[in-house]
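Summary of structural features
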Amino acid sequence: MGKVKRVVIGPNEDQKSAVLYGDSTNEQQVRGIFWRSTLWATEELPVDNSLTGDRALGVIQREPEGDGLIFRALEIPPDINDRENHIEVLQKLHEEVSQKHVPSREDLERHPSMHRTDTLDMFTITRGEIYLVTDTDEVLLRSGDSAIVRGVNHAWSNRSNEPCMIMCVMVHSRA
């Protein structure tokens, strides 16, 4: 599965800009379904850059806490053929990531990964291709393409033979 290099710069002890972190330590994976790395997260907007520490550590929930944001790398392998297993694995994942809106049976019939977030999600495909599936249609996104998801149902369907890497920022929003 994926790997990204994360570099975080900020003020050092002398208040000079410096590399504070040069790794990606918060990764989750469900083999055959997804790999992701949380690169940064906040619980406030505007962001308070005076807070210290690695704000990506320990963040596993799907959506940002409070009024914050989450920046992630997400790699999705080709869709698995066992639809019922795909649904079962993702329903367990929804519990683990504190999914607010549990997908309906109708949602899951559309695609096993259908889900809804209350956030403004901004995605850019950096490698590969993937279909962004909505309640009514779908669109093929390729490397360099971007999508904005405004708090609605969506799913990712990788119908290729290669993994797809997506960079995304999820921002707290109002309905």
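Quick note: structure is the one above.
Right, let's talk about the pattern of salt bridges for a bit. One pass over the full model with this rule turns up 9 salt bridges. For Lys3, the salt bridge goes to Glu27, with nearest N and O atoms at 3.3 Å. With Lys3 in the segment before β1 (8-11) and Glu27 in strand β3 (residues 27-30), this residue pair connects regions lying 24 residues apart in the sequence.

Okay, the pairing of strand β11 (residues 153-157) next. β11 sits mainly inside the fold: 5 of its 5 residues count as buried. Residues Asn153, Ala155 and Ser157 line one face of β11 and the alternating positions His154 and Trp156 line the opposite face, and both faces are buried. Bridge analysis of strand β6 (residues 115-116) against β11 gives 2 bridges, and the strand direction is antiparallel. By the bridge assignment, Arg116 is partnered in β11 with Asn153.

It is worth spelling out the sheet that holds β3 at this point. Here we have 6 strands laid out as an open sheet, ordered β3-β4-β5-β12-β7-β10, and antiparallel in their pairing. The outermost strands of the open sheet, each flanked by one partner alone, are β3 and β10 (146-150). The mean angle between the axes of side-by-side strands here comes to 20°, regardless of whether they run parallel or antiparallel. Here 7 bridges tie strand β4 (residues 34-42) to strand β5 (residues 69-76), and the two strands are oriented antiparallel to one another.

Each value, and the rule that gives it
Residues numbered from 1 in each chain as written. Predicted model: local features only at pLDDT ≥ 70, side-chain atom pairs only at ≥ 80, totals over all residues. Heavy atoms only, no water. Salt bridge = Lys/Arg side-chain N within 4 Å of Asp/Glu carboxyl O. Helix = DSSP H or I, 4+ residues; strand = E, 2+ residues; numbered from the N terminus. Buried < 20%, exposed > 50% of the residue type's maximum accessible area, 1.4 Å probe, protein only. Pairing = 2+ DSSP bridges. Axes fitted to C-alpha atoms, helices over the stretch in contact; angles between N-to-C directions.

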